[in-house]
Amino acid sequence: MAAAASTRQSMEDSPQQLAWAAGALLLGGLPHLLAVAPWIPLLLLGCGLWRIGAARRGWPLPALWIRIPLAVLGFLAVAISYRSISGIQAGSALLLVMGAMKLLETRGQRDRMVLIFISLFLLFAAFLREQAIGMLAWLVAGTLGISAALLQTARQESLLPMAGALRLAARLLVQALPLAAVLFILFPRLPGPFWSLPDKASSGISGLSEEIRPGDISALGLSDAIAFRARFRDGTPPAGALYWRGPVLEHFDGRGWSVRRPPASTPPAAVETDGVQYSYELVLEPQGGRWLLALETPLQWSAPRAGLGPAMELLNTEPIHDRFSYRARSAIGGSVRSAIGAEGLAANLQLPAGRNPRTLELATRLRAAATDDRDYLQRLLQLFHEQPFRYSLKPPLLGAQPVDEFLFDTRSGFCEHYASALAVLARAAGIPARVVAGYQGGEHNPIGDYWIIRQAHAHAWVEAWVDGAWRRIDPTAAVAPERIERGIGEILAGAPGGMRLWRSSRVVGGVVLSWDAVNAAWDRWVLAFGPEAQERLLLGLGFRMPRPLQLALLAGAAASLCLVLLAWLGGRRRQGARDRLRQRYDGLCRRLAAATGRPRRPGETPSAYASVVAGLRPDLAAETLALTTLYLQLRYGGSGDTRDTAAFSRRLRRFRPARAPAARGRR
Amino acid sequence: MAFAVLLVTMLAGAMNYNNNLGFALGFVLAGLGIAGIYHAHGILDGLQLHCLGAEPVFAGELLRVRFLLRDEAGVDRRELFLDWPGTAPVAAGPAALASRCVELPLATQRRGWQALPALRLQTRAPLGLVRAWSWVHIDSRQLVYPRPAPAGSVQPPAAAAASSTGRRPQSRDGDSFAGLRPYRPGDTPRRIVWRRYLRGTGLVVGEDHDSETQAPPCFDWDAMAGHSDARAARLARLVIDAAAAGVHWRLRLPGSELGSAGGQRHLHHCLARLAVAGLPADEA
Amino acid sequence: MSPQAPPVATARALAERIAGEVGLVILGKPDEIRLAVSCLLAAGHLLIEDVPGVGKTLLARSLATVLGLDFRRIQFTSDMLPADITGAQIFERRSERLVFQPGPVFAQLVLADEINRAPPKVQSALLEAMEERQVSIDGESHALPSPFFVIATQNPLHQAGTFPLPESQLDRFLMRIGLGYPPAALERKLLRGDDRRELLATLRPLVDPGSLAGLQTAARAVRLGDAALDYVQALVRYTRESPEIELGLSPRAATDLVAAARAWALMNGHEGVYPEDVQAVFTAVAGHRLHGRDAGLPGAVEPARKVLDEVAIP
């Protein structure tokens, strides 16, 4: 009894086990180290070195009266550094500090277990921070390493060698996979969030906004970041028709455009169109807004919590904080008839009084010259085309009358300037008009046959109410038609001093596109898998609109099936493990018996039988003796190395003795 | 338990942030936990356990029961522990395709056959999250000798006292023979009392204490007072002393008599009989 | 406690040299010599059962010489007393005290010649000594030298005035071997050649007691895998369950079988105990402990042989 107790004592203090637990902490903490306040990695390093010193050199571990103030200090330091102790950033910082502190007092199995759990939670927190495909590798490496550490920590009697621990951990993880996959697919996904997400809201996600103020921007920062990816299901519209509509800006304050807040009673738009219809699937990156991008006139969409707004924009009930995938069908081209009330039309004629007088004057002049609204709008576009307007990403700043200044003085700007000016001109002539923000074009990825739409593809254009239907008018196309036809990337590549997109190199471009295809698949199949995707999948499998409870039952049933399968496989494997060598040898004996006509007797030793065979078939003697010796060494010599066993099996497979030559001679 | 809390927290977090990698991690860990249960079960499953019995001990001493554990399934079972209820678990598992012998102490209270209590096999391996255990009922009983009465507390039977305590009567010549008789052919030379021969008395032969002509002491159950445990204790002390003194003895028990002999084997034979003497038939 | 074991290859070479050296004197009996050597490597006692004049004594003597052991021969006779073997307290005239005079059993290698001629009391005195490796006289125990081997010989024929060893006594011999007549060709050579006894004088010790103990340690260290253990157990179980065998092998016999098989495996340079090692020693180890129910009837097969044929190698 005493001996057993002392054994366990010595195992508790084993430096290797401590090293495993500390390694797990490092593995879990690594993705955070660069992101947290710099004093935290230093603290971790300090505590780690102290603990190593304690384990190796017998340094004393800090006493309780040091550890408690230290822990309080760490807690306060986190609270001060982050001005909070909740949220992902502060939470992971706090976890790291806790891990560092725990390291200092880790003595027994229980303490090491706590370290492992902290590591697992750090790993989890890393995913909240970042979900790129690279994190999948981290998921695999992290779970493998930390599971191996858990295996070692749980051992009281003997440690496994490193490779053995990793192998066992890998085996356990592989066995865990089917169950994990079933749960991943079937576990009821509830649309979150349940509590506030301060970090998400504060970390500004670039993208479209509900407001544009062309005069206030001197340079348009074009970001390479991906806004969304789209895949057409049957037939792709021409590149020039790819207008992805986002927020519709109907309110003009003389300087900028913003989304109008219509009265709550406004019914959603009813749409009628004769355009060509296209189906597509979109994976939207998190953007913080409520709108779902869609091609010109959305007719159908698969997002159950989305609906058409009064300006035919597709709106979700909640802001999109995570990757979100949906399918939609839109009509492109033709005219769009939608019931729009008088209130809606009036709102689209609104102009602030006393602003941009020169523009209003121009509008009155041109309208008088035009035969009808359509002709008027055509003349406006011609104006942009013929007058020396320039497309520029670095327009000068505009003053108090931005539209006037743009139209008559600077004549240099990007899409927002033109859209804004056109919309004001249209309204001034009594034509209802609005600015639409969204994306235009996209980059086709031939590898995955889908379109990548980046933030750089952001665009703004005008919709005007002509002949009882909304018509798209893009003034930018009149100024810089190549911007529309070829996409912005190429324009920028050619522009002196402009942003040179390194993607233009063919080789690099290919690699980049392949990588993006992988990322797209990752986003589409894994990250965008949410309540909607789950519902779609289950409907596709023939389940009728499952409720969470039914889903839970289904998940339970599938999981149980997995478990039974696992148990069955486990039982089968165990049965075979020991006798494999023996079975191989029996196989050899059968072959030899067939070759010599003399089977092995049960009480005959392998060596004795080998010499009998050697006497009967001298041609087989060498290999038979060699194989027999190998078998004896493996089975009875107890070298028992799996590699040797495998080598034996390979050699055995190659050994195909022919029938007795005597029999051949007779034939 | 802590692991379950960890998992639930993770899943709640993943659900809140709608974080699919978080879900994946949570589910993989859940799967890991389940696979761990199977592995823990596998450590117990297919184990060969043989009870090798124990060397007999005196009542009150620890019976060291030996077990041979063998793995033939290629499962590393080193994290397997054995215990009786109420004792500290002893690491007992063999490595893959190996065997291991362990000793499990078991307290004994009284003489007689002691049945082994149910044996518990348990392991927390591989993950330390769950404990798999199994009770094994061993159909084996071990003999416990009576606890001998304290040394010196029992006097050998008076009739045999002179020759059984090892104190031999010393003749004035200092040789160690109890009596003398004329030499007969066949007597060993070492019995010849050479000193007498030198004095001219002819060859005489000494008869020593263990000569077969003199009866060895007989320890009699019925001659002892008290209840059967007390008798067994006293007789145990007598035979132990006799064996230590290297003399022969006889042991008379109700219904049987163990013939005159000496040495360790006879001692154990006698103690075994004393262990069960006077006990009801179902205990004996 | 146990001496340093030499590397396996060295141990094997040394054991082979011992057997080879003895083979120079005892012609045409390599297997028997190797069995005898492995018996000694397994630290067991050897019983040679054969008719007189086949070289039993010579074998014992050569082994003693080659192994560097001091040798004593005891010729057993019907009028012997135990003290003739173990020794006795003798009166020493000069000091006028009784001192213990060690008997002939106090040697490292004792040849107990024709052990079945002595009365049972004498036999058991020797067998006690073999078992306990000590002799108790008048309550005083005297340790026998170490190593301590007994090679006993007995005549297989139940001649008048012999006392066959009872089973419990036979159990104490690790092996029983027979020597048999030499093959005719060798016998010719023998007849023509020198007196073998003179050859004996040319033998030189190959090992000292220390390295002999090392060899024994090496033999004990030979790996006994589960598969081999299974085979040994299957053999033992068969002897206990077979209706044709009177008394199955005792636990001691099973232990002896393992020890002998290990020594044999060492001599053959095997990495562990192979089935052939078990088979090679089985007859020698189990033969004298097994008795068929139909023993003595015409056509009776020796039980040990039958066991080997019947029991499948796992």
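Since the model is a prediction, treat every value here as computed from it, not as a measurement.

Asks: Report on the interface of chain A and chain B, specifying residues and quantitative values.
Replies: Taken together, the 62 residues of chain A in the interface contact 52 residues of chain B. Between chain A and chain B, a total of about 5,200 Å² is buried, with carbon and sulfur atoms accounting for 71% of that surface. Between the two partners, chain A and chain B, sit two salt bridges. For Arg155 of chain A, the salt bridge is made with Glu79 of chain B, and the minimal N-O distance between the two is 3.7 Å. At the boundary of chain A with chain B, the tally comes to five residue pairs in polar contact (both at pLDDT 80 or more). Of all the secondary structure elements, the ones that give two or more residues to the side of chain A that touches chain B are helix 1 (2-12), helix 6 (109-129), helix 7 (134-154), helix 8 (162-186), helix 18 (506-527) and helix 20 (548-577) of chain A. Within the side of chain A that touches chain B, the residues separate by chemical class into 46 nonpolar, seven polar and nine charged.

Asks: Describe the environment of Ala54 of chain B, and please don't skip the residues or the numbers.
Replies: Residue and element names in this part refer to chain B. Among the secondary structure elements, Ala54 is positioned in strand 1 (residues 48-54). Separated by 90 residues in the primary sequence, Ala54 and Val144 place their C-alpha atoms 9.8 Å from one another. Those residues in contact with Ala54, other than ones at most four positions away along the chain, are Leu63, Arg64, Val65 and Gln142.

Asks: Could you give an account of the pattern of salt bridges, with specific residues and numbers?
Replies: Residues and elements named next belong to chain A. Under the defined criterion, the tally for this structure stands at 39 salt bridges over all chains. With its nearest N and O atoms 2.8 Å apart, the salt bridge here joins Glu463 to Arg245. On the criterion of sequence distance, the pair formed by Glu463 in strand 19 (residues 458-466) and Arg245 in strand 3 (residues 243-249) is long-range, its members being 218 residues apart. The pair Glu463 / Arg245 is uniform in exposure class, with both members buried. The salt bridge partner of Glu463 is Arg434, with a shortest N-O separation of 3.0 Å. With Glu463 in strand 19 and Arg434 in strand 16 (residues 433-440), this pair connects stretches of sequence that are 29 residues apart. In this structure, Glu463 and Arg434 share a single accessibility class: buried.

About the thresholds
Residues numbered from 1 in each chain as written. Chains lettered and ligands numbered in written order. Predicted model: local features only at pLDDT ≥ 70, side-chain atom pairs only at ≥ 80, totals over all residues. Heavy atoms only, no water. Contact = heavy atoms within 4.5 Å. Buried area = accessible area lost by both parts, 1.4 Å probe. Salt bridge = Lys/Arg side-chain N within 4 Å of Asp/Glu carboxyl O. Polar contact = N/O pair within 3.5 Å; in protein donor to acceptor, adjacent residues only side chain to side chain. Helix = DSSP H or I, 4+ residues; strand = E, 2+ residues; numbered from the N terminus. Nonpolar A, V, L, I, M, F, W, Y, C, P; charged D, E, K, R; others polar. Buried < 20%, exposed > 50% of the residue type's maximum accessible area, 1.4 Å probe, protein only.

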